[in-house]
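Inside the fold
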Number of protein chains: 2
Amino acid sequence: MAAERIEHRACFGGWQDVYRHASDVLGCEMTVGVYLPPQAEHGPCPVLYWLSGLTCTEQNFITKAGAQRYAAEHGVIIVAPDTSPRGEAVADAEGYDLGKGAGFYVNATREPWSRHYRMYDYIVDELPAWVEANLPANGARAISGHSMGGHGALTVALKNPGRYRSVSAFSPIMAPSQVPWGQKAFTAYLGEDAVAWQQYDATALVADAAERLPLLVDQGGADEFLQTQLRPQLLQAACAAVGHPLTLRLQPGYDHSYYFIASFIGEHIAHHAHALKG
Amino acid sequence: MAAERIEHRACFGGWQDVYRHASDVLGCEMTVGVYLPPQAEHGPCPVLYWLSGLTCTEQNFITKAGAQRYAAEHGVIIVAPDTSPRGEAVADAEGYDLGKGAGFYVNATREPWSRHYRMYDYIVDELPAWVEANLPANGARAISGHSMGGHGALTVALKNPGRYRSVSAFSPIMAPSQVPWGQKAFTAYLGEDAVAWQQYDATALVADAAERLPLLVDQGGADEFLQTQLRPQLLQAACAAVGHPLTLRLQPGYDHSYYFIASFIGEHIAHHAHALKG
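Residues numbered from 1 in each chain as written. Chains lettered and ligands numbered in written order. Predicted model: local features only at pLDDT ≥ 70, side-chain atom pairs only at ≥ 80, totals over all residues. Heavy atoms only, no water.

With an unreviewed UniProt entry as reference, chain A is termed S-formylglutathione hydrolase, source organism Stenotrophomonas capsici. Reading the Function (unreviewed entry) entry of the UniProt record for chain A gives the comment "Serine hydrolase involved in the detoxification of formaldehyde." Taken verbatim from the UniProt record of chain A, the Sequence similarities (unreviewed entry) comment is "Belongs to the esterase D family." (UniProt positions renumbered as here; feature names shortened; annotations may be inferred.)

This is the structure in structure tokens:
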């Protein structure tokens, strides 16, 4: 997977880079943000993967979250990929919640999506393989994300025991099978049989999780999508039923925006850094 | 000056707001970002004015600089206005460096600019009057900015002794009369006689400054505009000639982007907070 560095900017003593690379899994070129903390000049560092939400590219998180300060404090690399395959050859749809910018971190099985929309394999296998071969990464991994990307982080961690030291999410789509965003995307990508959806639904996955990796979730109390699309009480009940450790923090007044992420990303990075160095 | 609050988002325990208001000075509607720290719920706070650079609106600073964290720590309100008059009735030009998004914080005297392009009066008089009448502001003021806005901050502070407790700038256009960006804008807004330009040129103004307000300037060493448009050595020489206090910090590796601002805005806000509370 050859890569070209297309942005390289000093930031908090380290470097905020963006790479463009050809993805075999996705069958297209992808862009990915990489923050290298100052510690990476002296030796390999752990990596936090950040999965962004609907409509985002790799740019949203790296320009708006203010995460670099904390990554520099703790010596953590942050890898923030784009949210779907891209390019003229890639299928798309009307609306912001399907197709480009809305890959939902699944491997699509239905036409016209199955050829390129394999974000699950990209995030779980191809991207980490590239990161660990080409960046000063020490092999320790954590994962987090926002909204659709919070769903992605939770499901990727739950499905891959032992692969991530820690997982967190901001305002994730906690039970995609039961809300409009998830139902629309899963019907298109996976077909109408909801049984196939369960493998990508955090609320369904906790029941059978082979590893009781604690989940840290922050949710804004004034989030405009709280009860229609996110529904934290469904994840909470599923975790309670099997004793899966969940720290769900309802943050009063906060909405679904990057102002919310910026306000608490420091606590999440500290949480991940503790696990990554433990 | 009636105002409508068009954004209101929780951020670091306070509120990142955006107001739209009718400006008498500019003869148009303007938008302005206002960060209210948590301390503003309990009493009036000092205000830091932030002037943005070419092409910016009020959004760039409030979404990309990560300043809210530090404003919340120090109890400082941040007021971040748009960079020019706006609207269909307002004159514009080809190119990013004249007209809309490029007000240069001057009062234009030439057609077609003189009717609306009065950003100097807006920043010095109209905006602070509105802020102090409508926000929990205690009357203590500081000013900072980036690039064109760094030029604005320096000139506004130098021309108004006693009005600002402190001033700083990131990669300011330090001697606009002597560089292409400034010469193009000043010729259009002020006419071809360079004598009229001196009143808006920080390097010229320090010679006659009635108050020796210390200048704090951060400049990226890898800034692509360093020697063509910014030219810190001209301000440095002018300050040295008259003993005007200047702290000019060349930050190796940093460029002209918001990644640079984000990396050092915390130190600038601490500097202003110290002066504002002194």
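1. Observations concerning the environment of A2 of chain B
All names here are of chain B. For A2, the position within the fold is in the segment before β1 (3-11). With relative accessibility at 64%, the residue A2 sits in the exposed group. For the pair A2 and R20, spaced 18 residues apart in the sequence, the C-alpha separation amounts to 8.6 Å. Not counting chain neighbours up to four residues away, the residues in contact with A2 comprise R20, H21 and A22. (Helix = DSSP H or I, 4+ residues; strand = E, 2+ residues; numbered from the N terminus. Buried < 20%, exposed > 50% of the residue type's maximum accessible area, 1.4 Å probe, protein only. Contact = heavy atoms within 4.5 Å.)

2. Details of the interface of chain B and chain A
Facing the 22 residues of chain B at the interface are 22 residues of chain A. Note on chain B versus chain A: buried area summed over both sides is about 1,900 Å², and carbon and sulfur give 53% of it. Among the residues chain B hides against chain A, the three largest losses belong to R9, F12 and Y259 of chain B. Together they make up 34% of the total. Where chain B touches chain A, the interface holds 2 salt bridges. In this structure, R9 of chain B engages D255 of chain A in a salt bridge whose closest nitrogen and oxygen atoms are separated by 2.8 Å. Seen at the junction of chain B and chain A, the total is 10 residue pairs in polar contact (both at pLDDT 80 or more). Among the secondary structure elements, those contributing two or more residues to the side of chain B that touches chain A are β1, β2 (14-23), α1 (58-64), α2 (68-74) and α9 (258-277) of chain B. (Buried area = accessible area lost by both parts, 1.4 Å probe. Salt bridge = Lys/Arg side-chain N within 4 Å of Asp/Glu carboxyl O. Polar contact = N/O pair within 3.5 Å; in protein donor to acceptor, adjacent residues only side chain to side chain.)

3. A word on helix α3 (residues 119-134) of chain A
Within α3 of chain A, the axis deviates most sharply at L127 of chain A, by approximately 30 degrees, and proline P128 of chain A lies no more than four positions further along. Three or more residues of α3 of chain A are buried, namely M119, Y120, D121, Y122, I123, V124, E126, L127, P128, W130 and V131 of chain A. (Bend = angle between axes of the 7 residues up to and from the residue.)

4. A closer look at the relation of the copies chain B and chain A
Of the two same-sequence chains, chain B is brought onto chain A (RMSD 0.0 Å, axial shift 0.0 Å) by a rotation of 180 degrees. Both copies are brought into coincidence by an operation consistent with a two-fold rotation axis. Here 100% of the contact residues of chain B are again contact residues in chain A; the copies associate through an equivalent surface. (Least-squares fit on C-alpha atoms with pLDDT ≥ 70 in both.)

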